[in-house]
Amino acid sequence: MHEDLKKIEAVLEEKVRPALHAHGGEIQIDHLADGVLYVKLLGQCAGCPSADLTNETLVEAEVVKALPELVNKVVVVQTVSDELWEQAKRLLRDHHL
């Protein structure tokens, strides 16, 4: 499995990250299971209204095209960044909610 993730990382680095970085975003592999790649969109891409479109037209398109023997679908795992959690806690503390 480790070699499979290295192959996926190479595709992300070459084909996906440059476009995400241009918009202040990033991508991280969560895990791969049964041909489904689970990823986290980070930075400006996390929670973006266009995240699903980005996943379908960029991430999934590039990874499946390059590695159809490994990946047939890409799913975005929704997360909240540590930075956002800290902001929320500060707001709650500061406003005594």
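What comes next concerns the included structure. (Residues numbered from 1 in each chain as written. Predicted model: local features only at pLDDT ≥ 70, side-chain atom pairs only at ≥ 80, totals over all residues. Heavy atoms only, no water.)

The next thing to look at is unusual backbone geometry. Non-glycine residue Asp34 carries a positive phi angle of around 50 degrees. Relative to the helices and strands, Asp34 resides in the loop between strand 1 (25-33) and strand 2 (36-43). (Helix = DSSP H or I, 4+ residues; strand = E, 2+ residues; numbered from the N terminus.)

In this structure, strand 1 lies alongside strand 2, joined through eight bridges in antiparallel fashion. Considered in strand 2, the bridge of Gln28 is made with Lys40. The antiparallel hairpin formed by strand 1 and strand 2 contains two residues in its connecting segment, where Asp34 sits at a positive phi of about 50 degrees. Viewed along the sheet, the connection from strand 2 through helix 2 (residues 51-66) into strand 3 (residues 73-76) turns out right-handed. (Pairing = 2+ DSSP bridges. Right-handed = clockwise from strand over helix to strand, strands pointing away.)

Moving on, we get to the environment of Gln44. Its place among the elements puts Gln44 in the loop between strand 2 and helix 2. Setting aside chain neighbours within four positions, we find Gln44 in contact with His23, Gly24 and Gly25. (Contact = heavy atoms within 4.5 Å.)

Another point: the pattern of salt bridges. Per the counting criterion, the structure on display carries nine salt bridges. Measuring nitrogen to oxygen at the nearest pair gives 3.8 Å for the salt bridge that ties Glu3 to Lys6. With Glu3 and Lys6 both in helix 1 (residues 2-21), this residue pair falls three residues apart, about one helical turn. Measuring nitrogen to oxygen at the nearest pair gives 3.1 Å for the salt bridge that ties Glu13 to Arg17. Within this pair, Glu13 and its partner Arg17 are both found in helix 1, separated by four residues, close to a single helical turn. (Salt bridge = Lys/Arg side-chain N within 4 Å of Asp/Glu carboxyl O.)

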